[in-house]
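In case you want the letters, here they are:
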Amino acid sequence: MTCAGRAMAVLTSGGDAQGMNAAVRAVTRMGIYVGAKVYLIHEGYQGLVDGGDNIKLANWHSVTNIIQLGGTVIGSARCKAFMTREGRVSAAFNLVKKGITNLCVCGGDGSLTGANIFRNEWSDLLDELVKKGRITDTMAKKHYNLNIVGLVGSIDNDFCGTDMTIGADSALHRIMEIIDAIMTTAQSHQRAFVLEVMGRHCGYLALVSALASGADWVFIPEAPPQEGWEDNMCARLEGVRHKSRLYVSPMHILIYIHCVYSHDRFGLLLMSYNILGVEAVIALMEATPETPACVIGLSANQAVRLPLVECVEMTKLVQTAMNEKRFDEAIKLRGGSFESNWNIYKSLAFLKPPQSKSNFSFAILNVGAPAAGMNAAVRSAVRSGLSRGHKVYGVNDGFLGLANGAVFEMEWHSVAGWTGQGSSLLGTKRTLPNCHLEKIVETISKFEISALLVIGGFEAYQGVLEIYEARTHYDELCIPMVIIPATISNNVPGTFFSVGTDTAVNCAMESCDKIKQSASGTKRRVFVVETMGGYCGYLASSTGIAVGADAAYIFEDPFNIHDLKTNVEHLSEKMKKDVQRGLILRNEKCHENYTTDFIHKLYSSEGKGIFDCRVNVLGHLQQGGAPSPFDRNFGTKLGVKAIEWLSEKLTENYRQGRVFANSPETACVIGLNRKVVSFTPVTELKEITDFEHRMPKVEWWLKLRPMLKMLAKYQTSFNEYVPGEIEHVTRRSISIDSGF
């Protein structure tokens, strides 16, 4: 795609949101990459109306070293003048004067609605400028069409059609940091905290924070409490306090979270944004006069094009439903994920003793390396199982613990405070079951275990596959089994994402930002950073896109010495000009001979006299720390859905006083595939698994790698880039639970 001679501009409007700078950088560099002139409009719509120095031509280095910064470096302002006809006439004049006919707007629903009005009025605005003599008729004809693309920048996550708005995830991180910080005081004094979060008329931040922290009460605009809620909340507070003392739960915390605009029923008072930015440019360059204005949204972490008008209309329906006190409908209109979050929160926050005990018991174990979010999955599974009347066992140290009988019964308060803790509180090992099958069978028989929930990485998947294949020898192994993928490597077949992967990418990204910052004020320097992940390059690739790396070497994208030489020469040319720092990522097993030390020495030698080179191995830093909001939420939701599935399979396969489940459909991996949570039999996954390298044979995220090269200014074939699809925004489309 070549767009020489075309001009485009980008502005940020409304409130600022973390991630806007990443989007601005991606739009700017991708625009330049395809040959367009790119202008940065400072101070939002106000700068567009005022013109002059507020509209500046950008070059590649105009957006250097901004990807990790919060806010927006080009400024944002709410503009009353743009809401008037006169203001929009001035804005049109300023665009025509620069030859700009493509506009990318990053902001909330108000900003995007204003952009759509501006586009619809465009021809009339030009006619008015011609009549007033401010532009010629020739200029009007030359600029007869204005293309608009929106990027939703808002911490509220209140825009229908996209899984996540720019800034929402960062806002959740800030909230969780605060909650984690006050937890020690809460547990020391048995003190209740009331925490107010932002979100305007959308309860997303409050709800997900409550789910991710295990809060005991939450107020959101979409679900006001029933009459008499004050007494219920006080009773809840008193009841939990006494039970906390009784069970001596060391991590118990009482947090009441409410959205700043919550009310009662009587009406009383950094990998994804780059994806988005690149797709915005492609959508603008492909647009025709007949193309409707669109918003670039996220669907299962992939960019999609959404009709702007459909998004705005659906978003307005939510507020209308709340104004008319149709709160159940408002929750549905927020989308399947919001509704699922709300239902899961209610089921986990309040202990509802089952009407009767079931005949079933299941065991939960962690297998493989620890991953942040494992404990959240265990907590939700335990409480979901108990609420259904099942007996729940915890197993220490994975399959080895199951073989050794390290099994204990778990209660509701056994998992209090587990959501925010990293690593594995149950204990985990990589041991596979094949060498211990007879002892595992003995333990299953002794404790009358009816089902297994295995939470872990590739070893968990491989271990359940081994148990399934041993069913022909042991009837005791004919029980339902499900794996919740939990690993920083994201290498388990049957899912786009694993629990723990998001936290690992965040850790790697934060480390890379600090590493680059360490060279501030020094001479030109290149850092070679090694990431974990085994043979799977997801961690290195995602981190590379998020931090703006110059290269990311992975096993799935083979490279040779000529490629390395090209990369060094390319970086050397950049460093001779305005670039001060370079970043090279290397997956730990990307190549047998081209080790991290080798690449470090190569760059050091070839860059001599231009830049110096340093090496950093991130190591187990990527496994530690508190889980991210996404991993807490994702683990919690998968835990509940896994127990629902196991309960169904137990009922279906209960005959003559015992469970006998030997079909392939009773041993599955639960995973998020695109936007659908699905259960895939391990026997099906075996055919698409590379067991030698411990990963799927086909990996969905590889199609994102061309973007890494484009934004690093490599001349690569544009045909490698897969553009986003058009998705219409309907009640049916938003009803899907995307897992976020």
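Keep in mind that what you see is a predicted model, and the values were worked out from it rather than measured.

Take the overall build of the protein next. Within the protein, the secondary structure is distributed over 24 helices and 27 strands. Each principal axis of the C-alpha atoms in the protein carries an extent, and together these give about 90 × 70 × 50 Å. Evaluated residue by residue, the protein yields a buried proportion of 61% over its 740 residues. For the protein, the accessible area works out to roughly 28900 Å², and carbon and sulfur atoms hold 51% of it. Between the averaged position of the 75 positive side-chain charges in the protein and that of its 75 negative side-chain charges there is a distance of 4 Å.

Split by domain assignment, the protein resolves into domain 1 (7-165 + 264-320), domain 2 (354-488 + 629-688) and domain 3 (501-623). Domain 2 and domain 3 are separated by 38 Å when their C-alpha centres are compared. In this assembly, 7 residues from domain 2 lie in contact with 8 residues from domain 3. Summed over both partners, the interface of domain 2 with domain 3 buries about 720 Å², with 51% contributed by carbon and sulfur atoms.

Moving on: the confidence of the model for the protein. Considering every residue of the protein, the mean pLDDT works out to 88; 92% of them sit at 70 or more. Low pLDDT, under 50, characterises residues 242-256; the predicted model gives this stretch 44 contacts beyond four residues in sequence or across chains. Note on residues 264-269: pLDDT is under 50 here. Beyond four places in sequence and across chains, it has 15 contacts.

Before going further, it helps to examine the packing of helix α7 (residues 204-213) against helix α21 (residues 629-652). Each pair of packed helices can be summarised by the angle the axes make with each other and by the distance between the axes. The interhelical angle for the contact between α7 and α21, taken along N-to-C directions, is 70°, at an axis separation of 9 Å. By the angle class used here, α7 and α21 are roughly perpendicular. Two secondary-structure elements touch here, α7 through Val-208, Leu-211 and Ala-212 and α21 through Pro-629, Arg-632, Asn-633 and Thr-636.

So, on to the side chain of Asn-145. Within the secondary structure layout, Asn-145 lies in the loop between α5 (137-142) and β5 (147-152). On the accessibility criterion, Asn-145 (17% relative accessible area) is buried. Among the polar contacts made by the side chain of Asn-145, one reaches the side chain of Asn-147 at a distance of 2.8 Å. Residue contacts for Asn-145: discarding those within four places in its chain leaves Thr-101, Arg-119, Trp-122, Thr-288 and Pro-289.

All chains considered together, the criterion is met by 21 aromatic pairs. The interplanar angle of 85° and the centroid separation of 5.6 Å between the aromatic rings of Phe-118 and Trp-122 together place this pair among those described as edge-to-face. Note that Phe-118 and Trp-122 are positioned in helix α4 (residues 109-131) at a spacing of 4 residues, about one turn of the helix. This pair shows no difference in class: Phe-118 is buried, exactly as Trp-122 is.

Once that is clear, we can look at the sheet that holds strand β18 (residues 551-553). Strand order across the open sheet formed by 4 strands is β18-β19-β17-β20, with parallel pairing between neighbours. On the outer flanks of this sheet lie β18 and β20 (612-617), each paired with one strand and no other. Pairwise comparison of adjacent strand axes, ignoring direction, gives a mean angle of 20° for this sheet. Across 7 bridges, strand β17 (residues 525-531) lies against strand β19 (residues 581-587) in parallel orientation. By the bridge assignment, Val-529 is partnered in β19 with Leu-585. Here helix α18 (residues 538-547) sits on the sheet in contact with β17, β18 and β19, set at roughly 165° to β19. Most of the contacts of helix α20 (residues 596-606) go to β20, to which it runs at about 165°, and overall it touches β17, β18, β19 and β20.

Mapped onto the elements of the fold, Val-378 is located in helix α13 (residues 374-387). For Val-378, a relative accessible area of 0% translates into the label buried. Apart from the residues within four sequence positions on either side, Val-378 is in contact with Ile-364, Asn-366, Met-410, Val-415, Trp-418, Leu-426 and Ile-455.

Another point: the state of the cysteines. Enumeration according to the criterion identifies 0 disulfides in this entry. Cys-294 carries a free sulfur, and the closest cysteine sulfur to it, the one in Cys-311, is 9.1 Å from it. With relative accessibility at 11%, the residue Cys-294 sits in the buried group. Cys-536 takes part in no disulfide bond, and the closest cysteine sulfur, belonging to Cys-590, lies 13 Å away.

With that out of the way, let us pick up α21. Look at α21: 35 Å from first C-alpha to last across 24 residues, which is about the 34 Å you get at 1.5 Å a residue. In terms of burial, α21 is largely enclosed, as 19 of its 24 residues are buried.

Our focus in this paragraph is the environment of Arg-305. Summarising the element assignment, Arg-305 is placed in strand β10 (residues 302-307). Taking the C-alpha atoms as reference points, Arg-305 and Ala-540, 235 residues apart in sequence, are found 27 Å from one another. One polar contact links Arg-305 to Glu-286, side chain to side chain, over a distance of 3.0 Å.

Here the focus is helix α3 (residues 85-98). With 14 residues, α3 ought to run about 20 Å at 1.5 Å a step, and its terminal C-alpha atoms sit 20 Å apart, in line with that. Among the 14 residues that make up α3, 10 are buried, leaving the element largely enclosed by the rest of the structure. Of the residues making up α3, those classed as buried are Gly-87, Arg-88, Val-89, Ser-90, Ala-91, Ala-92, Phe-93, Asn-94, Leu-95 and Val-96. Packed against the buried residues of α3 are β2 (37-41), α2 (44-50), β3 (55-57), α4 and α5.

What follows covers the sheet that holds β5. If you trace the 8 strands from one edge of the open sheet to the other, you get β3-β2-β1-β4-β5-β9-β10-β27, paired in mixed fashion. Since the sheet does not close on itself, it has two edges, and those belong to β3 and β27 (725-726), each with one partner. Sheet analysis places strand β1 (residues 7-12) next to β2, joined by 5 bridges and oriented parallel. Pairing of Ala-9 across the sheet is with Tyr-39, part of β2. Contacting β1, β2, β4 (102-107) and β5, helix α1 (residues 20-33) runs over the sheet at an angle of about 175° to β1. Across the face of the sheet, α4 comes into contact with β4, β5 and β9 (294-299) while running at roughly 160° to β4.

About the criteria used
- Residues numbered from 1 in each chain as written.
- Predicted model: local features only at pLDDT ≥ 70, side-chain atom pairs only at ≥ 80, totals over all residues.
- Heavy atoms only, no water.
- Helix = DSSP H or I, 4+ residues; strand = E, 2+ residues; numbered from the N terminus.
- Buried < 20%, exposed > 50% of the residue type's maximum accessible area, 1.4 Å probe, protein only.
- Areas by Shrake-Rupley, 256 points an atom, 1.4 Å probe, with all protein chains shown as cover.
- Lys, Arg positive; Asp, Glu negative; His and termini not counted.
- Charge placed at Lys NZ, Arg CZ, Asp CG, Glu CD.
- Domains from an automatic or database assignment.
- Contact = heavy atoms within 4.5 Å.
- Buried area = accessible area lost by both parts, 1.4 Å probe.
- pLDDT = per-residue confidence, 0-100.
- Axes fitted to C-alpha atoms, helices over the stretch in contact; angles between N-to-C directions.
- Parallel < 35°, antiparallel > 145°, perpendicular 65-115°, else oblique.
- Polar contact = N/O pair within 3.5 Å; in protein donor to acceptor, adjacent residues only side chain to side chain.
- Phe/Tyr/Trp six-rings, centres within 6.5 Å; stacked < 30°, edge-to-face > 60°.
- Pairing = 2+ DSSP bridges.
- Disulfide = S-S within 2.5 Å.
- Expected span 1.5 Å × (residues − 1).

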